[in-house]
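Notes for the structure review
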Amino acid sequence: MAEWLRELTDRFPFERRRRRRTVARAWALALLGAAMGAGLMYLLDPALGPRRRALGRDRVVSLARRSGEAADSASREALDRARGLLIELRSRWRGRLRGGVRSGSAVRSRSGGARAS
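Residues numbered from 1 in each chain as written. Predicted model: local features only at pLDDT ≥ 70, side-chain atom pairs only at ≥ 80, totals over all residues. Heavy atoms only, no water.

Looking now at the overall build of the chain. Per the secondary structure count, the chain includes 4 helices and 0 strands. Across the 117 residues of the chain, 3% fall into the buried class. When the accessible area of the chain is evaluated, it comes to approximately 10900 Å², of which 60% is carbon and sulfur surface. (Helix = DSSP H or I, 4+ residues; strand = E, 2+ residues; numbered from the N terminus. Buried < 20%, exposed > 50% of the residue type's maximum accessible area, 1.4 Å probe, protein only. Areas by Shrake-Rupley, 256 points an atom, 1.4 Å probe, with all protein chains shown as cover.)

Here is the structure:
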């Protein structure tokens, strides 16, 4: 290889980076395959596999039930908050249409000043 080309490749090591990524990706895939194989061996074990699968299934069902309950609770709370906000806004809007919100002292002075006890 010519000297100037070697210097150029040393300054811009694109090929070297690409090679490193490829090797790293190959190792990652190999480790992923090994982990998946070990997991399948764990679950498909003839002696304890059925028990392990049943425990896993129970955990998934329990998680699904709990997450459904949490979502239901969160949606009910959001709906209640929206209703409260709507009621508050209606109350304020109706007060403005009647001439503004009056304080307690203004209402008492118009009603004769008697305070309910």
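For the rest of this paragraph, the subject is the pattern of salt bridges. In a structure, side chains of opposite charge can pair up when their charged atoms sit close to one another. Under the criterion given, the structure shown has 6 salt bridges. Between Arg52 and Asp45 there is a salt bridge; the shortest N-O distance is 3.7 Å. The residue Arg83 makes a salt bridge to Asp80 at a minimum N-O spacing of 3.8 Å. On the criterion of helical spacing, the pair formed by Arg83 and Asp80 is a turn pair, its members being 3 residues apart in helix α3 (residues 49-97). Judged by its relative accessible area of 48%, Arg83 falls in the partly exposed class. (Salt bridge = Lys/Arg side-chain N within 4 Å of Asp/Glu carboxyl O.)

According to the stated counting rule, one finds 0 aromatic pairs in the structure shown. A cation over an aromatic ring shows up here: Arg52 above the ring of Tyr42, its NZ or CZ 3.9 Å from the ring centre. (Phe/Tyr/Trp six-rings, centres within 6.5 Å; stacked < 30°, edge-to-face > 60°. Lys NZ or Arg CZ within 6 Å of the ring centre and 35° of its normal.)

This part takes up a nonpolar patch on the surface. A contiguous nonpolar patch, built from Leu40, Tyr42, Leu43 and Leu44 and spanning about 410 Å² of accessible area, is present on the exposed surface. With respect to the helices and strands, the residue Tyr42 is situated in helix α2 (residues 14-43). The exposure class of Tyr42 is partly exposed, given its relative accessible area of 48%. (Patch = residues over 30% accessible without salt bridge, like charges linked within 9 Å, V, L, I, M, F, W, Y side chains within 5 Å.)

The next point concerns the confidence of the model for the chain. Of all residues in the chain, 73% attain a pLDDT of 70 or more, and the chain-wide mean is 82. When pLDDT is averaged over each helix and strand of the chain, the minimum, 56, is found for helix α4 (residues 104-110) and the maximum, 93, for α3. (pLDDT = per-residue confidence, 0-100.)

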